[in-house]
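Secondary and tertiary structure notes
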Amino acid sequence: MSALARSLLLLVVIALVAIAPTRSRAQTDPLSSLASTNYDEIRRGVEALAVSGDPRSASIIAALQDGRLFVRPDKALFIKGDSGFVAADTGVSASDVTADALRPVRVNNAVRRAIDSALGSLRLFSPEPATRSIAAEAVFKARDASAVPALDRALAQEKDPAVARVMRQARAAAVLTTLDAREADRIAAIRILRERGDIDARSMLASLSGQPPAVATAAASAIAAIDRNLRLWEFAQDAYYGLSLGSVLLLAAIGLAITFGVMGVINMAHGELVMLGAYTTYVVQETIRGHWPGLFGASLFIAVPLAFLVAGLAGMAIERGLIRFLYGRPLETLLATFGLSLLLQQAVRSIFGASNRQVGTPDWMSGAMQLGGLTLTYNRLTIIVFALVVLFALMAALRYTPLGLRMRAVTQNRRMAAAMGIRTPWIDALTFGLGSGVAGMAGVALSQIDNVSPNLGQGYIIDSFMVVVFGGVGNLWGTALGALTLGVTNKFLEPIAGAVLGKIVVLCLLILFIQRRPRGMFPLKGRAVEA
Amino acid sequence: MSARITCIALVLVLGGALLLALGNLATAEQSALHASPYVISLAGKYLCYAILALAVDLVWGFAGILSLGHAAFFALGGYAMGMYLMREIGARGVYGNPVLPDFMVFLNWKTLPWYWHGFNIPGFALLMVVLVPGVLALVFGYLAFRSRVTGVYLSIITQALTYALLLAFFRNDMGFGGNNGMTDFKDMFGLPLQLDRTRDVLMLASAVALSLCLLLARFVVHSRFGKVLIAVRDSESRTRFLGYRPENYKLVVFVLSAVMAGIGGALYVPQVGIINPSEFAPANSIEAVIWVAVGGRGTLVGAVLGAVLVNLGKTYFTGALPELWLFALGALFVLVTLFLPRGIMGLLPVRAEMPLPRAPAPAQAAASEAGPEGVAGADFGR
Amino acid sequence: MSHPIGAVSETLLYLNGVTVSFDGFRALNSLSLVLEPGEMRAIIGPNGAGKTTMMDVITGKTRPDEGSVVFGADTDLTKLDEPAIAALGIGRKFQKPTVFEPHTVWDNLLLALAGDRRPRFTLLARETPSERRRIEEILATIRLTEQRHRRAGDLSHGQKQWLEIGMLLAQQPQLLLVDEPVAGMTDAETAQTAELLREINRTRGVVVVEHDMHFVRALGVKVTVLHEGSVLSEGSIDHVSADPKVVEVYLGR
């Protein structure tokens, strides 16, 4: 970095020394300078051409860089193209010119540097705003003092405010590296960098040395302001990671909120239902790859309902085949379903193998978007949205569908519901199936961010129970808030305590929390609960 | 009647251990009666597991606390012993550092962490074997029982406890050897661990420890304290209205049980020659619970029986049909809870130490209108 | 109802303005009640009148939002938890008989006997001759002498109710709270239970919550009618059953 800075400084010195005589020899034609055999003269020609505003400048300098610029003994310049030579000054095809009459314009390192810098400035005038923006950003990073005039001209004609902003920042960076810049200009430049407020601006300000006191003070306060700003973005980024983790926890726990929170069934095989959902995704993708590769982008949309069905049916089978015999004996249910989780894991291991399965990410879920100082990856963003959709869909289903009404009736007053003709065992099975199906859908989402292996579910079971207990049993809003709280807390603790220790701290806090409020954040009150 | 079963169990444990030791030392290797060092260390391992099972049964069978974190106490006892054995290696380690264990030298540590001091003294290490699990159980139990966390909730936070410890012990900077744990022990109380004689002594010591734990547990559950404990298990609030403080009773038995588990772990480590964080895995704790369920919850002797039988099965399966072991273990969980709620001891024509409250037989439960507990008042539409 | 402060020392139990609400529902609404030493009181009221919640408040299971509960001269029960209140001498019998089913009748009574409740004592405690005498006495009172070595879980429903009353006697309480003692009993058992309660009442205060009006009439004591968490009427059984407010609550609407 400092080597770069030093060489840049050197460049600036050379440029300054060079510019003075160029100015004195006013109105010298840059093209004739290029035709010279003197490297200094050629370099001056490149620099002059760069600021000339001539629309042909870019192609001439680019040709020089590629060794495609030739000179005739009469000092006329030609560019060698794919279809022969063209005159450099007019761009008109010169079919009569042949290679043997020409000699190439030679370059040395000083000229090459001048070319690089000139091309950088010239792109500032590109018709494409994106190109102009990138060029300005490059100038900003290079802190090229010689680019100031080009930037000034580019700024004068720039109409896009976003590009103009980057240009002003580049100019500020350049001004700060200009040795004879006035103090007021420097302070103005510092203000612009301060507004930019990112890590590059900060390092640029931090690298300033030997400045007059007023400038140094301004730089120091700008650095402090940028640090504050960066911390804010970092905070936002952590919050986003926390939100993302929270949505994953929510997905994993929301099915449990039904089976454990509402039915009071403790299902240790819940994680394995999630795993089934992930393997369903794998199978769907493999089938699509084999038969209809064009559908790959839609694979997850196909996998979600299938995973719901697979896990839901598995859940109903578990309820009918095992859990119903153990109602009223929660500890036995816990042990039996733990056994079931071992069986499911081993079954999947026997069928699919013990190693991780590759589940692909569709294109629309890859990549990330930049929001100020935030990087939001699309797969995480999708999962957050998906978790919310599942949450609200589930709430709506429970509240507005006839099945939801029956489920609520049975969990609230089994005898009364039975007396009113609701087939309670059937509702039990369906409720459990619903919770399990939601777990399966969670598996589809988790297959995008976690290894799809037989152990996938194990990692989530304790967290899921914690979320449900923390949020308050039997309350979907509580589950959602519990998941988000846990996710965000976890992510904010990570930078302070490290990932593992952060998790331990969260677990300990949770254990303490359950001690204080054994019924969660949103306890249900009433006589019935007291009993 | 239950006294006779306990006597039979004690005779089997102590007599069996003696016979194995004799078979190892006094017979020729070709003899049919010869017990190989492998068999001795296996027997020693089973006996330690049986101590853990006894500890689980004490809290689960008699106080209704289904601890899914008891392997944590076992592992802590093991780590305390492991720390002693590490210090005992002295300068014989790979790096030859007289004070620092190898893994600390490897991590470039210069001094011994404060909590490693004293572990070179056998008496101190033995004290820690008892104290560390005991104090953890005391603190955890005090918090949990005082705030009346019971049933499934308690089970889940005990599981979270062992999970947190698992994560913590995986860390290198905790100073317990991280992922690899501690191994390459040389000797114990001056006896080389590689010698057959030492292994026999350790195995016999485990048998004696198990017998003492069994007797102590029996004394506890037959005392008036034990009667209160069962009252707490079956009807905590009724006990409270009689003027007892269930939290104190649970705390005492929880700490006692944790100490037992710690002793089991301490005997386990020198016999298997390694202790690492995987001992904290929640699955280990749950496996210990199934030993008890197989043998018969609330029967003490059943816990010992279950631990030995299930582990015999595990040794057989993992050797012969490793693919099938998890299937077998999983099926065991399901089948025992469904069809054998009283375990093997329930099949015997004798009364258990302290019968469990009547649980509905599976067929009965299905026929009755039993439904999920349902959180009364749960309003998930709001 | 108001009560002169000076009289507090003469009462056994004194509830003043006790309010308990669950999620906005007022289970007890400024309930006040005074019980003299040695008094037996019957509490009646429709479902949801707050009878069980009142018991919960007195025994420390539920903390009131407002109001005071004073036992004896000046013991504030709202500051104590269940075991502490039990140790003070307030016994409670639940609606459903709750005895310790795996234990024998004898052991149930042994656990209930007044004495040191701390683990360090019970761990080493042995039965003393005086404890045995007390248990024999109680067994005779509750007519279970023959059943003493049977598992409590094997007893009939009525026998369990008696065993529970026996356990309360073993506690030697000054005040006994009895929740629906005759629910599910045969007529003969009901009559015997009334007899038993009167016997107990000779030495201690008793509060009986009951639905069975015949039983309440048979007890022949002062009756308090609860409705929507507060006292609706109080007096002899004839007085309250003639009270138009009570008639309206029970028969009207």
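Residues numbered from 1 in each chain as written. Chains lettered and ligands numbered in written order. Predicted model: local features only at pLDDT ≥ 70, side-chain atom pairs only at ≥ 80, totals over all residues. Heavy atoms only, no water.

Moving on, we come to the interface of chain C and chain B. The partner chain B presents 28 residues to the 34 residues of chain C that form the contact. For the pair chain C and chain B, the summed buried area comes to about 2,900 Å², and 61% of that belongs to carbon and sulfur atoms. Counting across the interface, chain C meets chain B through four salt bridges. With a shortest N-O distance of 3.2 Å, aspartate 107 of chain C and lysine 227 of chain B are connected by a salt bridge. Run the count over chain C and chain B and you get twelve residue pairs in polar contact (both at pLDDT 80 or more). Those elements that provide at least two residues to the side of chain C that touches chain B are helix H2 (82-88), helix H3 (105-112), helix H4 (119-122) and helix H6 (157-170) of chain C. In the side of chain C that touches chain B, the residues fall into 15 nonpolar, six polar and 13 charged. (Contact = heavy atoms within 4.5 Å. Buried area = accessible area lost by both parts, 1.4 Å probe. Salt bridge = Lys/Arg side-chain N within 4 Å of Asp/Glu carboxyl O. Polar contact = N/O pair within 3.5 Å; in protein donor to acceptor, adjacent residues only side chain to side chain. Helix = DSSP H or I, 4+ residues; strand = E, 2+ residues; numbered from the N terminus. Nonpolar A, V, L, I, M, F, W, Y, C, P; charged D, E, K, R; others polar.)

Moving on, we get to unusual backbone geometry. Of note, the phi angle at leucine 300 of chain B is positive, near 60°, even though the residue is not glycine. Note that leucine 300 of chain B resides in the loop between helix H11 (282-295) and helix H12 (301-320). Residue arginine 143 of chain C is not a glycine yet carries a positive backbone phi of 60°. Mapped onto the fold, arginine 143 of chain C is located in the loop between helix H5 (129-141) and H6. A relative accessible area of 39% means that arginine 143 of chain C is categorised as partly exposed. (Buried < 20%, exposed > 50% of the residue type's maximum accessible area, 1.4 Å probe, protein only.)

Glancing now at the sheet that holds strand S5 (residues 75-76) of chain C. All names here are of chain C. Spatially, the four strands line up as an open sheet ordered S2-S1-S4-S5, and their pairing is antiparallel. Looking at the sheet topology across the chains shown, the edges are occupied by strand S2 (25-35) and S5. The sheet contact formed by strand S1 (residues 13-22) and strand S4 (residues 66-71) spans five bridges and is antiparallel. When the bridges of S4 are listed, tyrosine 14 appears paired with valine 70. Lying over the sheet, helix H1 (residues 51-58) contacts S1, S2 and S4, oriented at roughly 115° with respect to S1. (Pairing = 2+ DSSP bridges. Axes fitted to C-alpha atoms, helices over the stretch in contact; angles between N-to-C directions.)

Here the focus is the pairing of strand S3 (residues 40-44) of chain C. The buried fraction of S3 of chain C is high, at five of five residues. On S3 of chain C, burial covers both faces: Met40, Ala42 and Ile44 of chain C on one face and Arg41 and Ile43 of chain C on the other are all buried.

Before going further, it helps to examine a nonpolar patch on the surface. A contiguous nonpolar surface patch, about 570 Å² in accessible area, is contributed by Trp292, Leu295, Ile302, Leu306, Leu309 and Leu313 of chain A. Looking at the secondary structure, you find tryptophan 292 of chain A in the loop between helix H12 (270-291) and helix H13 (299-321). (Patch = residues over 30% accessible without salt bridge, like charges linked within 9 Å, V, L, I, M, F, W, Y side chains within 5 Å. Areas by Shrake-Rupley, 256 points an atom, 1.4 Å probe, with all protein chains shown as cover.)

Further remarks concern helix H8 (residues 161-177) of chain A. Every α-helix carries 3.6 residues per turn, so stepping three or four residues along brings you back to the same face. All names here are of chain A. The first and last C-alpha atoms of H8 sit 24 Å apart over 17 residues, in line with the 24 Å expected at 1.5 Å per residue. Within H8, burial applies to Val163, Ala164, Val166, Met167, Gln169, Ala170, Ala172, Ala173, Ala174, Val175, Leu176 and Thr177. The backbone nitrogen of alanine 162 has a side-chain oxygen 2.9 Å away, supplied by the residue at the start of H8, namely aspartate 160. (Expected span 1.5 Å × (residues − 1).)

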